[in-house]
Amino acid sequence: MTNLSGYIFLILAIILGITSNGFLKSTNGFTNIGPTIFCTISIVACIFCLSKAMNIIPVGFTYATYGGLTITAVTLFGVFKYNQIPNLYGIVGIALIVVGVILLNTLGKTT
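Residues numbered from 1 in each chain as written. Predicted model: local features only at pLDDT ≥ 70, side-chain atom pairs only at ≥ 80, totals over all residues. Heavy atoms only, no water.

Chemist: How should the overall build of the protein chain be read in this particular structure?
Modeler: The secondary structure content of the protein chain amounts to four helices and zero strands. Along its sequence from the N terminus, the protein chain presents helices and strands in the succession α-α-α-α. Reported as C-alpha extents along the three principal axes, the dimensions of the protein chain are approximately 45 × 35 × 15 Å. Counting every position in the protein chain, which comprises 111 residues, the buried fraction comes to 28%. As displayed, the protein chain has an accessible area near 7,000 Å², and 74% of this comes from carbon and sulfur atoms. (Helix = DSSP H or I, 4+ residues; strand = E, 2+ residues; numbered from the N terminus. Buried < 20%, exposed > 50% of the residue type's maximum accessible area, 1.4 Å probe, protein only. Areas by Shrake-Rupley, 256 points an atom, 1.4 Å probe, with all protein chains shown as cover.)

In structure tokens, the structure reads:
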């Protein structure tokens, strides 16, 4: 497999992670069966794609990118779907996460 397929799996994992985590609140503590099944299937597919990406891309890069972008996107999802606006510290924290992911992917080296 090529690096491109690793990044495709990583993008799929991020999308599935956002989907699963974004709609987790609608499960109402796993009492609503439809959203619970949807979240369970999407997180299993997410972990599958993440494991495929880790076979091609270094583990640190993969997980840092997945975690950072998923956290950022789910925060934005919460802003738009649930009107949960982060305070100044939250915004600064999200900005630092994004900067960290960019630095790791552009300047980070693995041996």
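Chemist: Before we go on, may I ask you to explain unusual backbone geometry in this structure?
Modeler: Leaving glycine aside, a negative phi is the common case for residues, and trans is the common case for peptide bonds. A positive phi angle is found at Phe30, which is not glycine, with a value near 65°. The class for Phe30 is exposed, based on a relative accessible area of 53%. Phi at Asn83 is positive, roughly 55°, even though this residue is not glycine. By the secondary structure assignment, Asn83 is in the loop between helix H3 (59-82) and helix H4 (88-107). A residue is classified by how much of its surface remains accessible, and Asn83, at 60% relative accessible area, is exposed.

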